[in-house]
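Letter by letter, the chains look like this.
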Amino acid sequence: MFQILSKTELAQGTVVANEIMAPKIAAKARPGQFVILRVNETGERIPLTMADSDPKRGTITIIYQVVGKSTALLKSLNVMDYIQDIAGPLGRPTPIEKKGTIICVGGGTGVAVLHPITRGFKQAGNKVIGIIGARTKDLLIMEDKMRAATDELYVCTDDGSYGHHGFVTDVLREQLTKLGSEVKEAVTIGPVPMMKFCAKVTAEFGVPTMVSLNAIMVDGTGMCGCCRVSVGGKTEFACVDGPEFDGHKVDFEELGRRLTAYQKQEKEAMDLYQHKCSCAANQ
Amino acid sequence: MAEDKVKKEKVGRHQMPEQAPEVRRRNFKEVPLGYTAEMALAEASRCLQCKKPACVEGCPVGVPIPEFINRIAEGDFVGAILKLWEKNSLPAVCGRVCPQENQCEGNCIVGKKDKPVAIGNLERFAADWARGRSEVPMPPVKPKTGKKVAVVGSGPGSLTVAGDLIRKGHEVTIYEAFHKPGGVLVYGIPEFRLPKEIVAAEVNFLERLGVKVECNAVVGRTVTVDELLDKEGFDAVYIGVGAGLPRFLGIPGENLMGVYSANEYLTRSNLMKAYLFPEYDTPLVKGQHVCVFGGGNVAMDALRTAMRMGCDDVKCVYRRSHEEMPCRAEELHHAEQEGIQFFYLHNPLRFIGDERGWLKAVELQEMELGEPDESGRRRPVAKAGSTKTIDCDMAIIAVGSGANPLVTATTPGLAVNKWGYIDADEAGKTKKPKVWAGGDIVTGAATVILAAGAGRKAADSIHQHLSWGW
């Protein structure tokens, strides 16, 4: 059992940050790694990337968007409540070293995962340019933290309510044009279409690009093959071979399709859960 | 004596009652229902109590078979379970899933003229009878030695090691990556063959003996083998992580939605209880036309699970013929009874998807048998010009498992062979000091009882090392 020490709602309650007591995971966690958790006895195993870890306090921080029953259930837990199971840290850590200039691009809750990686690159002595985006100003998360972890930060909103009016890819292209070969690597984490288009832009400039893939998983140890992704025509397991891969080689169409495999069941579970919640509220 | 023998032959083997095929094919309840005490007494009386019991020689863990059966025959069921526990910590599991026909029962002298004594059924009876009964004493545990052993993985081999060493007085901690202990017994073998509450009871038995079980501990990630030895102060480590790497076919279309590895399909339905969705949150797609590729026990489990998930058209596609099927005869028989169709001598060429990326058909190549290959079985070869495409919206690949590198890749000094299996001697000793290994991660995918047998040998070797430093 893993106790929740803090709960913060972000982006108008659509995103939640939890600090959780998990000393063994905290002792080992590195940027880019994830955990698999199960909220309760009947829950499913869901992978969530870690936004932070504090080995001294023995805690990890997860930041997740409420998208279905499992995340809604997780959000229903309050401070001092327990999460049934958490396993980790899983996946390969991000290879962080001094390279020169790095561009870190994040969208939606992807920013939460991007933050420790960005901070890592900065601490390693790189010049780090951050680009973060959201649909609208109120959905933007972790702007302050990203600003502190970068040398320059650019903010975009799809509707123009804050920062640059447009997509992160616009600013990415601008920066790549301006900085040219100075940019040694790009890291882009967010929704599948965002990563796909960012990788397209960086490919034009020949800049190596790392993406972090959020495939559906069960065990997280390479045992089931549920999270398989095509990278350069080869099948890889996101849980053990990733979650980070060469963005220029990933088959994003296939990943996007595979993420929809349980849409019908996810909706059924969510409808049932919301119905139960509203019944309980009426009593 | 001669008269006695004649009488015994007349009795005949007592069949264990089971759910009728047309009923059980749609539920997840256990298929065989177990012996009553009367049946067990009658079956036990068929045993000849051989002085040199061939059955015991056939048992990988050396269960004292005539002795425990004799106690059942005398109505001493407590005595029977204590006899079983002397050599086997998992009798309720082994009584159900061991291939007895090739082991103890295959060697049974009664079986030369009549059907062999139902040793597996009797083992199961004794274990089921004892479960939850307060009058059954715990087996004796030796005084504490002060030595600590870490067991990585919690499948049948690991549980055997834990059971053996705790009784010899060593401290034992099991590290399991999943949220529940039992390994393949909980994620792989379906509820209708091995109810999960029985696995939980066997693990609980070990816990009552003093074994500690730590779940959500992914060795290689949460903690490494070296850390267990150097930081956590363990005197020995046993690696029994199984062969947890699914093999795929490597044909086009394998990443379409609707294509599962058997590991994934069975883990979702068994460990995560997807068959109880939406009461349990883990979903599983329900196919209309299901094909399972492979002919082993795992394939049979996947086929029979798909049938129970509500699919009417479930096919086993196997590239060799009926004779070469590697599964247990009993499993095949059960599957046939439940209405599974068998496509022998067919090999998949490619999976065909619809515009949304879902599997809709599979193209098969007809095969014929040629000369025997290195396994001694006749090699299937493609029949020229004969392919066919059949409807298929769910495919389950059950063609074996490889070695999962998570532990081996993070344990320097541990030698592996070219397939990634750990290099260990007969006693399970690896090339790395203080580290033993056994089961599928050494031999490649095999059976529950062979893993338990490897665990027994390793436990003996670890005990010798801890006692005398060998």
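This report concerns the structure included in the present document.

### Notes on the sheet that holds strand E6 (residues 82–83) of chain A
Adjacent strands of a sheet pair through backbone hydrogen bonds, lying either parallel or antiparallel.
Residues and elements named next belong to chain A.
Consideration 1: Taken in spatial order, the seven strands make up an open sheet running E6-E1-E2-E5-E4-E3-E7, and their pairing is antiparallel. Edge strands, defined here as strands with exactly one partner in the open sheet, are E6 and strand E7 (85–90).
Consideration 2: Where strand E1 (residues 2–10) meets strand E2 (residues 15–21), six bridges bridge the pair, whose relative direction is antiparallel. Looking at E2, one finds that Ser6 is bridged to Glu19.
Consideration 3: Across the sheet, helix H3 (residues 110–123) touches strand E4 (46–54) and strand E5 (59–65), and the angle it forms with E4 is around 40°.

### What about the pattern of salt bridges?
Consideration 1: Taken as a whole, this structure holds 50 salt bridges over all chains when the rule is applied.
Consideration 2: With a closest N to O distance of 2.7 Å, Arg147 of chain A and Glu143 of chain A form a salt bridge. In this pair, Arg147 of chain A and Glu143 of chain A both sit in helix H4 (residues 143–149), four residues apart, roughly one turn of the helix.
Consideration 3: Among the charged side chains, a salt-bridge network with shared partners connects Glu18, Arg24, Arg193, Asp301, Arg304, Arg308, Glu331 and Glu338 of chain B.

### Some thoughts on the nonpolar core
The nonpolar side chains of soluble globular proteins are, as a tendency, buried together.
Consideration 1: Among the nonpolar cores identified, the biggest contains 75 residues, and Phe68, Ile69, Ile72, Leu122 and Ile462 of chain B are the most heavily contacted of them.
Consideration 2: Those residues in contact with Ile72 of chain B that lie beyond four places of it in its chain are Ala40, Leu41, Ala44, Phe77, Ala80, Leu122, Phe125 and Ala126 of chain B.
Consideration 3: Core analysis: the second largest hydrophobic core is formed by 40 residues, Ile36, Val231, Phe245 and Phe252 of chain A among them.

### Quick notes on helix H9 (residues 119–130) of chain B
All names here are of chain B.
Consideration 1: The terminal C-alpha atoms of H9 lie 17 Å apart, and with twelve residues this matches the ideal 16 Å at 1.5 Å per residue to within 8%.
Consideration 2: Across the twelve residues of H9, eleven count as buried, placing the element largely inside the fold.
Consideration 3: All of the buried residues along H9 are Ile119, Gly120, Asn121, Leu122, Glu123, Arg124, Phe125, Ala126, Ala127, Trp129 and Ala130.
Consideration 4: Immediately beyond the C-terminal end of H9, within one or two residues, lies Gly132, with a positive phi of roughly 80°.

### Some words on the packing of helix H3 (residues 37–44) of chain B against helix H5 (residues 65–73) of chain B
All names here are of chain B.
Consideration 1: For the pair H3 and H5, the least separation of the axes is 8 Å and the interaxial angle reads 130°. Relative to H5, H3 is oriented oblique. The hand of the H3/H5 crossing is left-handed. Contact residues: Ala40, Leu41 and Ala44 in H3; Ile69, Ile72 and Ala73 in H5.
Consideration 2: For the contact of H3 with H5, a count of residues per class yields six nonpolar, no polar and no charged.

### A word on the interface of chain B and chain A
Consideration 1: Every contact between the two is made by 43 residues of chain B and, on the other side, 44 residues of chain A.
Consideration 2: Counting the surface lost from both chain B and chain A, the interface buries some 3,600 Å², and carbon and sulfur atoms represent 54% of this.
Consideration 3: When the buried area of chain B at its contact with chain A is split by residue, Arg221, Asn255 and Asp281 of chain B rank highest and sum to 21% of it.
Consideration 4: Counting the contacts that link chain B with chain A gives four salt bridges.
Consideration 5: Glu227 of chain B serves as the salt-bridge partner of Lys28 of chain A, at 2.7 Å between the closest nitrogen and oxygen.

### Some words on the sheet that holds strand E1 (residues 148–152) of chain B
Residues and elements named next belong to chain B.
Consideration 1: Spatially, the five strands line up as an open sheet ordered E3-E2-E1-E4-E15, and their pairing is parallel. The open sheet is flanked by strand E3 (212–214) and strand E15 (435–437), the only strands paired with a single partner. When strand polarity is set aside, the average angle formed by the axes of neighbouring strands in this sheet is 20°.
Consideration 2: One ladder, built from three bridges, connects strand E4 (residues 236–239) with E15; its direction is parallel. Of the residues in E15, the one forming a bridge with Tyr238 is Trp436.
Consideration 3: Sheet contacts for helix H10 (residues 156–167): E1, strand E2 (171–175) and E4; angle to E2, the most-contacted strand, approximately 165°.

Rules used throughout
Residues numbered from 1 in each chain as written. Chains lettered and ligands numbered in written order. Predicted model: local features only at pLDDT ≥ 70, side-chain atom pairs only at ≥ 80, totals over all residues. Heavy atoms only, no water. Pairing = 2+ DSSP bridges. Helix = DSSP H or I, 4+ residues; strand = E, 2+ residues; numbered from the N terminus. Contact = heavy atoms within 4.5 Å. Axes fitted to C-alpha atoms, helices over the stretch in contact; angles between N-to-C directions. Salt bridge = Lys/Arg side-chain N within 4 Å of Asp/Glu carboxyl O. Core = buried A, V, L, I, M, F, W, Y, C linked by side-chain atoms within 4.5 Å. Buried < 20%, exposed > 50% of the residue type's maximum accessible area, 1.4 Å probe, protein only. Expected span 1.5 Å × (residues − 1). Parallel < 35°, antiparallel > 145°, perpendicular 65-115°, else oblique. Left-handed = near helix turned anticlockwise from the far one by under 90°. Nonpolar A, V, L, I, M, F, W, Y, C, P; charged D, E, K, R; others polar. Buried area = accessible area lost by both parts, 1.4 Å probe.

Purely geometric stuff here, so don't read any function into it on its own.
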